[in-house]
Amino acid sequence: MKVEQISQSVWSLSTWLVIPFRVWVVVEPDGVTLIDAGMPFMAKGILSFLDQLNAGPLKQILLTHGHSDHVGAVKRILQARKVPVYVHADEIPYMEGKLPYPRRKKAEVTVMPGVVQPLREADEGRLETIGGLVPYHTPGHAPGHVVYYHEEDRVLLAGDLFTSKGGKLHRPMPMFTADMTEAVKSSLILRELRPVHLEICHGKPVKNPAEQLDAYLERTAAAYAIPDSVWKQ
């Protein structure tokens, strides 16, 4: 597993299995937060890194969404560290197998019922800051997809909102994306936040991604016949 410190408070842990997989660790004064849990075989490396980092206890796991390649190591990690696991409330019925993900024929249990709990809401539908991160609901790839923004370091942990190639923004994987139109609309979060560093699960980081947003929107909207009204704001 490759370990890289990408900002003062944020670390990236990555591995490769046909495609790249990334998870992240955010350090705070009183402990650390894990964002996403990758594939099952990543559990050992994640736990080993947390021990080596020696930055305090694991406080919680935050999930960008509930697809199996983002929750695979949760079970093993929870056997070693008893911590809460948070995800957007909209995602929980799909993770627990009560509903099939959009565009999938069968429901799939990616976590046992009761393992995850919903991110807390503040006012006007906003999500509460947690683990030094501000969550934003960015549906499209999955109904409850969330990105996490570290305001101080200006790092956006974007899960599967995008992929990337050669440092350039690309669409999320079409085969596994529930609603590409919604995903394109959600990508406008870059214009609002203007992070200096964008982390993506299945791809390399992108620097100053908002500078690429207009070209990304035009390219992806044209490929999927997405109306201008969705993304020209």
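Heads up: the structure comes first, above all this text.
The model shown is predicted, which means the values in this text are computed figures rather than measured ones.

### Some remarks on unusual backbone geometry
Of note, the phi angle at Asn-54 is positive, near 55°, even though the residue is not glycine. Even without glycine at this site, Ala-225 takes up a positive phi of about 50°. Within the secondary structure, Ala-225 sits in the loop between helix H7 (213-224) and helix H8 (228-231).

### Some words on the packing of aromatic side chains
Aromatic ring pairs are described here by two measures, namely the spacing of the ring centres and the angle between the planes. Under the criterion given, the structure shown has three aromatic pairs. With centroids separated by 5.2 Å and ring planes inclined at 75°, the aromatic side chains of Phe-162 and Tyr-216 adopt a geometry described as edge-to-face. Of this pair, Phe-162 sits in the loop between strand E10 (155-157) and strand E11 (163-165) while Tyr-216 sits in helix H7, placing them 54 residues apart in sequence.

### Quick look at helix H1 (residues 43-53)
Looking only at H1, the buried set comprises Ala-43, Ile-46, Leu-47, Phe-49, Leu-50 and Leu-53. Along the axis of H1, the buried residues cluster in a sector spanning 160°; they form a single face. Summarising the geometry of H1, the exposed residues directed more than 90 degrees from the buried face are Lys-44, Asp-51 and Gln-52. Among the structural elements, strand E1 (2-5), strand E2 (10-17), strand E3 (19-28), strand E4 (31-35), strand E5 (58-62) and helix H3 (74-80) are those in contact with the buried residues of H1. Among the residues trailing H1, Asn-54 stands out with phi positive, at a value near 55°.

### Quick look at the nonpolar core
Residues Val-25, Ile-46, Ile-61, Leu-63 and Ile-77 are the most contacted members of the largest nonpolar core, which totals 35 residues. For this core, the secondary structure elements donating two or more residues are E2, E3, E4, H1, E5, H3, strand E6 (85-87) and helix H4 (92-95). Among the elements that take part in this core, H1 stands out by supplying six residues, more than any other. With residues up to four places along the chain from it excluded, the contact list for Leu-63 reads Asp-36, Ala-37, His-70, Val-71, Val-74, Val-85, Tyr-86, Val-87, Met-95, Val-116 and Tyr-148. Within the second largest apolar cluster, 25 residues are counted, among which are Val-134, Leu-188, Leu-213 and Ala-221.

### Section: the sheet that holds E4
A sheet is described by the order of its strands in space; here seven strands give the open sequence E1-E2-E3-E4-E5-E6-E7, paired in mixed fashion. If you trace the sheet from one side to the other, it starts and ends with E1 and strand E7 (116-118), each paired once. Sheet twist, expressed as the average angle between the axes of neighbouring strands with direction ignored, equals 25°. Sheet topology note: the E2/E3 ladder contains eight bridges and is antiparallel.

### Regarding a nonpolar patch on the surface
Among the surface-exposed residues, Leu-17, Val-18 and Phe-41 lie close enough to one another that they form a single nonpolar patch of about 320 Å² accessible area. Within the fold, Phe-41 resides in the loop between E4 and H1.

### Some thoughts on the sheet that holds E10
Strand order across the open sheet formed by five strands is E8-E9-E10-E13-E14, with mixed pairing between neighbours. With partners counted over all chains shown, the strands left at the sheet margins are strand E8 (134-137) and strand E14 (206-207), one partner each. Pairing analysis gives three bridges linking E10 to strand E13 (residues 197-199), with the strands arranged parallel. Each residue of the ladder has a partner; that of Leu-157, found in E13, is Glu-199.

### As for the pairing of E5
Remark: a regular strand shows side chains that alternate across the two faces of the sheet. Most of E5 is tucked away, with four of its five residues classed as buried. Relative to E5, E4 runs parallel, the two being bridged by four bridges. Opposite Ile-35, over in E5, you have Leu-62 as the bridge partner. Assessed by its sense of winding, the connection that carries the chain from E4 through H1 to E5 is right-handed. For E5 and E6, the ladder comprises two bridges, and the chain directions are parallel. When the bridges of E6 are listed, Leu-62 appears paired with Tyr-86.

Reading guide: rules and limits
Residues numbered from 1 in each chain as written. Predicted model: local features only at pLDDT ≥ 70, side-chain atom pairs only at ≥ 80, totals over all residues. Heavy atoms only, no water. Helix = DSSP H or I, 4+ residues; strand = E, 2+ residues; numbered from the N terminus. Phe/Tyr/Trp six-rings, centres within 6.5 Å; stacked < 30°, edge-to-face > 60°. Buried < 20%, exposed > 50% of the residue type's maximum accessible area, 1.4 Å probe, protein only. Arc of directions from axis to C-beta. Contact = heavy atoms within 4.5 Å. Core = buried A, V, L, I, M, F, W, Y, C linked by side-chain atoms within 4.5 Å. Pairing = 2+ DSSP bridges. Axes fitted to C-alpha atoms, helices over the stretch in contact; angles between N-to-C directions. Patch = residues over 30% accessible without salt bridge, like charges linked within 9 Å, V, L, I, M, F, W, Y side chains within 5 Å. Areas by Shrake-Rupley, 256 points an atom, 1.4 Å probe, with all protein chains shown as cover. Salt bridge = Lys/Arg side-chain N within 4 Å of Asp/Glu carboxyl O. Right-handed = clockwise from strand over helix to strand, strands pointing away.

Take it as geometry only, folks, not as evidence of what the structure does.
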